[in-house]
Amino acid sequence: MDILSYMKKGFVFFDGGMGTQLQLNGLKAGQSPETWNITHPEIITAIHKSYFEAGANIATTNTFGANPLKIDNTDEVVARAIENAKRAIYDKHQYVALDIGPTGKLLKPLGDLSFEDAYDAFATVVKAGASRGCDLIIIETMNDTYELKAAVLAAKENSSLPVFATFVLDEKGKTVTGCDIQAMVALLEGLGVDALGVNCSLGADELKRFVPELIKYSSVPVIVNPNAGMPYVVDGKTCYDSTPERFSSSVFEIAQMGARILGGCCGTTPEHIRLLTKALNGVTPKDIVKKNHTVVSSYSNACFFNNKVVLIGERINPTGKPKLKTALKENNLDYMVKEAIGQEEKGAHMLDVNVGLPEINEEEMLVNVIKEIQAVSSLPLQIDSSNPKALDSAMRIYNGKPLVNSVNGKEESLNSVLPLVKKYGGVVIALTLDENGIPNTAEGRVEIAEKIINRAKEYGIDKKDIIVDPLCLTVSSDKNAPSITLKSIELLKKIDVKVSLGISNVSFGLPSRDYVNSVFFSHALLMGLDAVIMNPYSLEMMKVYYAHNALMGIDDMCQDYISFASNNQASSVSTETEQITLERAIIKGLKKEAREITKDLIQIIEPLEIVNNHIIPALDTVGANYENGITFLPQLLMSAETATVAFEVVKENIKGEGNTNKGDIILATVKGDIHDIGKNIVKVILQNYGYNVHDLGKDVSPDTILKYAEKTGIKLIGLSALMTTTVPSMEETIRLVKSKHSDIRFMVGGAVLNPEYAQMIGADNYSKDAMESVRYAQEVFGN
């Protein structure tokens with residue numbers, strides 16, 4: 001019986017922590033756990049067997065870091081790891097999962113690793129594992145939706161194995177890059193994973209509060225693999241505060257909430273798993289309920305099509321927009337980025353992206369524009385193209401679950417677009433036209449919609465992932481066109497179909513088009529419209545939207561309407577984005593504008609005044625928004641990079657007017673740890689606050705750090721560690737340096753740390769994120 005069939009019968013149990021067991025068996029601080037597959041195979045097999053004997057069904061191979069970006073012999077390590085795990089099997093309901101962890105790098109534009117390079121690294125591991133007879137793939141401990149998407153695609157395109165995926169949440173229920181549970185579920189279900197959930201970072205007591213939301217939105221089995229509580233140090237060894245008894249009790253409650261696949265992560269042992277499986281012996285799991293959410297997502301947010309109409313900004317489309325056409329021809333991506341930001345600020349919930357011009361390479365341009373927009377905006381995108389090749393490339397690199405515009409009833413369209421929707425996971429707009437054109441009756445349009453829905457079902461695409469556009473033709477050429485469209489909406493809602501419209505078509509060729517558009521919009525809303533492609537700068541359209549929500553009881557206490565009305569006293573239509581200041585350019589991540597504005601300011605303001613009165617306040621605003629959960633890591637880093645652009649202009653013009661260095665800081669990822677994402681983030685932010693960062697890199701020994709500190713006289717050191725197996729190296733570094741120089745201070749961070757743990761290993765400060773590192777540096781240097 002394969003794992004998917006077995007999973008339908010009851011609970012499934014993963015094993016516990018591998019690193020913890022390796023340390024107990026002699027793995028030294030800084031040693032690569034993966035090398036033990038070759039040098040100590042009998043120990044690896046014994047660990048797997050101990051978990052099977054404790055009741056686990058799935059052994060995760062010792063390959064968490066076995067990708068070619070970290071090791072040279074990936075194929076050999078994976079092969080030996082699977083052999084070691086398979087030797088431990090003694091029952092037909094025991095399975096081997098190929099374990100794939102993160103690369104340890106940030107993907108572009110936040111880091112230097114491309115999406116395709118990440119994909120290739122994961123594909124190498126998948127190919128090695130699939131050919132050696134593993135039973136499933138578990139992609140785990142993921143913080144970044146983009147990296148997770150690359151891993152899932154690599155797994156599905158290079159094997160036929162079941163794919164499970166788990167991600168890491170912080171205490172606010174978000175990943176490091178700001179993705180919430182709803183957006184993560186939308187992405188993973190869209191990509192077709194067989195089970196999804198959370199692991200690592202938090203203990204069962206802490207993860208427990210996020211499980212109901214996972215269950216609420218997931219239609220596939222939910223996985224929960226917590227740590228054994230929070231870490232602490234005893235006699236130089238990392239321990240965890242959740243006993244097997246406490247762990248099993250908490251995970252039992254998680255099972256009762258509806259999670260079906262359970263196990264452990266850092267600090268858990270065979271005893272933790274034994275008591276868990278014993279507690280759930282004879283217990284029947286809750287049924288897995290298929291959800292009916294129509295949802296798309298960005299890297300951080302989910303957008304649901306439910307009782308509130310979704311506003312899709314239409315302005316990134318060259319049709320009838322000469323300025324945009326010029327920008328596309330000149331490859332002026334900044335123009336598109338400003339349009340995206342402006343529409344988001346005006347209240348759009350999504351953005352349509354269409355770059356179709358015969359004079360340009362649409363495929364290349366669509367990919368580039370989407371990359372630029374998703375780097376600065378957290379809104380989901382509607383990928384709009386009639387070119388299947390352009391759709392394929394754009395959907396592949398899109399960081400989320402997209403809305404795809406569009407498919408229609410023509411055979412060519414059905415055969416080219418629907419496979420892409422299935423492959424990449426998306427919601428698709430279905431246009432009610434076919435080889436015979438657009439029917440002149442509502443019934444004819446509904447018939448085409450039903451044809452598309454049925455064909456999509458053949459590809460495994462649910463009805464919930466289809467939004468029908470019954471098409472709106474211009475009233476100036478056909479007086480009956482609007483009534484046919486409205487009748488189509490009414491009929492489509494009777495068969496429980498989501499409906500979208502491009503409203504502005506109705507007024508084509510007429511003066512004062514907004515008057516016609518807004519009234520037609522109000523009629524469509526009353527028919528049950530779910531989404532509209534519109535101009536969010538149109539005050540008339542926005543008036544209708546907010547008033548409708550207030551009148552229909554959608555806007556509780558009319559709060560949104562009141563806010564909108566108070567901010568729009570003037571009855572005019574704005575079609576241009578607001579003036580860009582240096583502060584706004586930095587906050588929004590507009591690098592080109594930041595450079596040009598700084599060049600202008602340098603002519604009238606002293607360079608250091610620009611830094612102190614413009615750049616630093618903008619960074620403070622972004623930092624405060626980040627700390628308060630308003631913006632997230634991608635925006636923080638894009639703003640930091642934009643500030644760097646402005647800083648470079650200032651530096652060119654300082655001419656000896658003073659030293660802008662606020663202090664020197666050493667940063668390093670400790671010995672044995674090759675994950676430098678956290679360190680690199682801290683580096684960027686500290687540099688933008690004026691600190692001179694000495695980056696020693698990753699896998700840095702205690703002695704190297706000591707010698708560098710003595711050579712430079714630097715008194716503040718920041719250390720990073722991701723893996724539990726490398727925290728002892730962090731403690732050793734602090735102990736060594738402080739034994740020689742007690743006045744040197746240490747700030748530490750990493751997924752496996754907390755304030756208490758940091759204090760136990762002798763650190764002076766625990767920084768949970770980059771902004772806390774800045775705050776501590778300001779405290780140390782008094783600036």
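Data block above holds the structure.
Worth saying up front: this structure is predicted, and the values here are computed from it rather than measured.

Enquirer: Even after reading the chapter, I still don't get the overall build of the protein chain, so can you show me in this structure?
Expert: Secondary structure summary: the protein chain contains 31 helices and 25 strands in total. Taking 28 Å as the expected radius of gyration for a compact globule of 783 residues, we find that the protein chain reaches 28 Å, a close match to that expectation. Overall size of the protein chain, expressed as C-alpha extent along the three principal axes, is 85 × 75 × 50 Å. Pairs at least 24 residues apart make up 76% of the contacts formed inside the protein chain by residues separated by at least 6 positions. Total accessible area on the protein chain is roughly 30200 Å²; 49% of this is exposed by carbon and sulfur atoms. In the protein chain, the 78 positive side-chain charges and the 97 negative ones have mean positions that sit 2 Å from each other.

Enquirer: Which parts of the structure should I look at to understand the sheet that holds strand β13 (residues 310-316)?
Expert: Within a sheet, neighbouring strands are paired by backbone hydrogen bonds and run either parallel or antiparallel to one another. The strand order around the closed barrel built from eight strands is β13-β14-β15-β16-β17-β18-β19-β20, with neighbouring strands paired in parallel fashion. Shown here is a sheet whose adjacent strand axes are inclined to one another by a mean of 30°, direction ignored. Taken together, the four bridges between strand β17 (residues 427-431) and strand β18 (residues 466-469) define a ladder with parallel strand orientation. Residue pairing in the sheet places Ala 430 in a bridge with Val 468 of β18. Together, β18 and β19 (498-502) form the strand contacts of helix α19 (residues 481-494), whose direction differs from that of β19 by roughly 160°.

Enquirer: Mind showing me how you'd approach the nonpolar core here?
Expert: One recurring pattern in soluble globular proteins: nonpolar side chains tend to sit buried together. If you look at the biggest cluster of nonpolar residues, it comprises 144 residues, and the most contacted ones within it are Ile 139, Leu 188, Val 224, Leu 262, Ile 370, Phe 521 and Val 532. Sequence-distant contacts of Leu 188, that is, excluding residues within four places in its chain, are made with Leu 148, Val 152, Ala 165, Phe 167, Val 193 and Leu 196. Core analysis: the next-biggest nonpolar cluster, separate from the first, contains 49 residues, Ile 580, Ile 605, Phe 647 and Leu 686 among them.

Enquirer: What is the right way to look at the side chain of Thr 166 in this model?
Expert: Relative to the helices and strands, Thr 166 resides in strand β5 (residues 163-167). Residue classification places Thr 166 among the buried residues on the basis of a relative accessible area of 0%. Separated by 2.9 Å, the side chains of Thr 166 and Asn 199 make a polar contact. When sequence neighbours within four positions are dropped, the list of residues in contact with Thr 166 reads Ile 138, Ile 139, Glu 140, Thr 141, Met 142, Gly 197, Val 198, Asn 199 and Ile 223.

Enquirer: Any chance you could explain a nonpolar patch on the surface here in plain terms?
Expert: The grouping of Leu 526, Met 527, Leu 551 and Met 552 at the surface amounts to a nonpolar patch, some 440 Å² of accessible area in total. Its location among the elements puts Met 527 in helix α20 (residues 513-527). For Met 527, a relative accessible area of 31% puts it in the partly exposed group.

Enquirer: Please explain the layout of surface pockets as it appears in this structure.
Expert: A water-sized probe rolled over the atoms picks out the places where empty space is left. Estimates place the volume of the largest pocket at around 1500 Å³. What lines the largest pocket is a set of 49 residues, among which Asn 317, Thr 319, Lys 321, Ser 504 and Asn 505 lie closest to the centre. At the level of secondary structure, the elements contributing two or more residues to the lining of the largest pocket comprise β13, α13 (322-329), α14 (333-345), α16 (388-397), β16 (403-408), α17 (411-424), α20 and β20 (531-534). It is α17 that contributes the most residues to the lining of the largest pocket, four residues altogether.

Calculation rules
- Residues numbered from 1 in each chain as written.
- Predicted model: local features only at pLDDT ≥ 70, side-chain atom pairs only at ≥ 80, totals over all residues.
- Heavy atoms only, no water.
- Helix = DSSP H or I, 4+ residues; strand = E, 2+ residues; numbered from the N terminus.
- Rg over C-alpha atoms; globule rule 2.2 N^0.38 Å.
- Contact = heavy atoms within 4.5 Å.
- Areas by Shrake-Rupley, 256 points an atom, 1.4 Å probe, with all protein chains shown as cover.
- Lys, Arg positive; Asp, Glu negative; His and termini not counted.
- Charge placed at Lys NZ, Arg CZ, Asp CG, Glu CD.
- Pairing = 2+ DSSP bridges.
- Axes fitted to C-alpha atoms, helices over the stretch in contact; angles between N-to-C directions.
- Core = buried A, V, L, I, M, F, W, Y, C linked by side-chain atoms within 4.5 Å.
- Buried < 20%, exposed > 50% of the residue type's maximum accessible area, 1.4 Å probe, protein only.
- Polar contact = N/O pair within 3.5 Å; in protein donor to acceptor, adjacent residues only side chain to side chain.
- Patch = residues over 30% accessible without salt bridge, like charges linked within 9 Å, V, L, I, M, F, W, Y side chains within 5 Å.
- Salt bridge = Lys/Arg side-chain N within 4 Å of Asp/Glu carboxyl O.
- 1 Å grid on protein atoms, 1.4 Å probe; cavity = no way out; pocket = protein on both sides within 12 Å on 5 of 7 lines; lining within 4 Å.
- Points joined across faces, edges and corners; volume = space filled by probe spheres on them.

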